[in-house]
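An overview of the molecular structure
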Amino acid sequence: MSEPARGRAAGKVILLGEHAVVYGRPALAAGLARGVVAEVRRGAGPALVSERPELGADERPARAVAEAAALLGLDPTTIVVTVRSALPAGAGLGSSAALVVAVLRALAAAAGRRLALADELTLGRRLETIFHGHPSGVDPAAAALGPVCFRFVSGEPPAVTRLTLAAPLPLVLGFGDRPRSTAAAVGGLRARWAAEPARHERLFDEIAAIVEAGVQAAEAGDLAALGRAFDANQAVLAALGVSSAETEALIAAARRAGALGAKLTGGGGGGAVVVVAPEPARVAAALARAGARTLAVTVGPRGEEVAA
Ligand code: PMV
């Protein structure tokens, strides 16, 4: 292999529809400009080297490397992958999916191949099961698509529609300190769904309608309507039991600071929130006062992230 072979993939933010998307409902998500870069070298493997201790903190990323190599017909025992991530881990920005897709791309390059998007989505979702049991595939889709806003419905292959936005979406993301586990949130909801399927299916249908309204609002550049969709989605996520006191406190702080809408993003449980914020600096300051790290992101008209 020509050394090192390199692959890159994007982080993501789920705007609407997390959790229900695992049950076949649509979601609205955006890939971010920042992401993960993976480089493949020959060495004693399978091994994953990262300057970020949290990425090597458990065995799952190295397992992803081994399984990805095997899927691509490479001998895992000769593969060493180095990753650099611009995504805060555990923050709900899809760092594990970005890692998986970056590794797949680097390994494919090492094998002298280029994967089709459909293969990246299928293999990415399969590898994401290492990180949590029932992935919808929305995270690897964002990782593979890059900075673009899209509607997503799970499946093999998934239905992905890239959106063209009439106006940029000014968002602020907030991350609390509490460690969050997507696997625990998804698994807990699955147990509650199994105990009370009809109630949960109804709530998932409510989310589906909210997502469709949000897609229309985003396409039309109607920030007030998009904000209402965020608030409505948050109410249903709370009813599903995936919100937390910390998340609710951040959402209340954002709303007091003039947010048009605010909700948890990703698996929930911890304190990752996404806010529609026409005045991003004001909302970011309020979230920081409430104890969160913040990131302002503008999803541009064709989905690019531009500096906020
Ligand atoms: O916690 P995150 O950022 O990996 O997002 C998970 C999103 C879920 O809808 C809860 C799960 C999934 O696979 O779609």
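Our subject in this report is the structure included herewith.

So, how was this worked out
Residues numbered from 1 in each chain as written. Predicted model: local features only at pLDDT ≥ 70, side-chain atom pairs only at ≥ 80, totals over all residues. Heavy atoms only, no water. Salt bridge = Lys/Arg side-chain N within 4 Å of Asp/Glu carboxyl O. Helix = DSSP H or I, 4+ residues; strand = E, 2+ residues; numbered from the N terminus. Buried < 20%, exposed > 50% of the residue type's maximum accessible area, 1.4 Å probe, protein only. Expected span 1.5 Å × (residues − 1). Contact = heavy atoms within 4.5 Å. Pairing = 2+ DSSP bridges.

**Here's the deal with the pattern of salt bridges**
What the rule picks out here adds up to 14 salt bridges. The salt bridge partner of R25 is E201, with a shortest N-O separation of 2.6 Å. Within this pair, whereas R25 is found in the loop between β1 (5-16) and β2 (27-42), its partner E201 is found in helix α6 (residues 197-220), the two being separated by 176 residues in sequence. We classify R25 as buried; its relative accessible area is 11%. A relative accessible area of 26% means that E201 is categorised as partly exposed. Of the charged contacts, one joins E67 and R63 as a salt bridge, the two residues approaching to 3.6 Å between their closest N and O atoms. With E67 and R63 both in helix α1 (residues 60-71) and four residues apart, the pair spans about one turn of that helix. For E67, a relative accessible area of 34% puts it in the partly exposed group.

**Some words on α6**
In this model α6 runs 35 Å from its N-terminal to its C-terminal C-alpha over 24 residues, within 8% of the 34 Å that 1.5 Å per residue would give. Taken residue by residue, α6 has H200, L203, F204, I207, A208, I210, V211, G214, V215, A217 and A218 as its buried positions. On its buried side, α6 packs onto β1, β2, β5 (149-153), β7 (169-175), α5 (182-195) and α7 (223-239). Note on α6: the residue one or two positions beyond its end, G221, has a positive phi of about 70°.

**Observations regarding the pairing of strand β8 (residues 261-264)**
Two faces, one strand: in a regular strand the side chains alternate between the faces of the sheet. Both faces of β8 are covered, namely the face carrying G261 and K263 and the face carrying A262 and L264. Taken together, the four bridges between β8 and strand β9 (residues 273-276) define a ladder with antiparallel strand orientation. Bridge pairing in β9 links G261 to V276.

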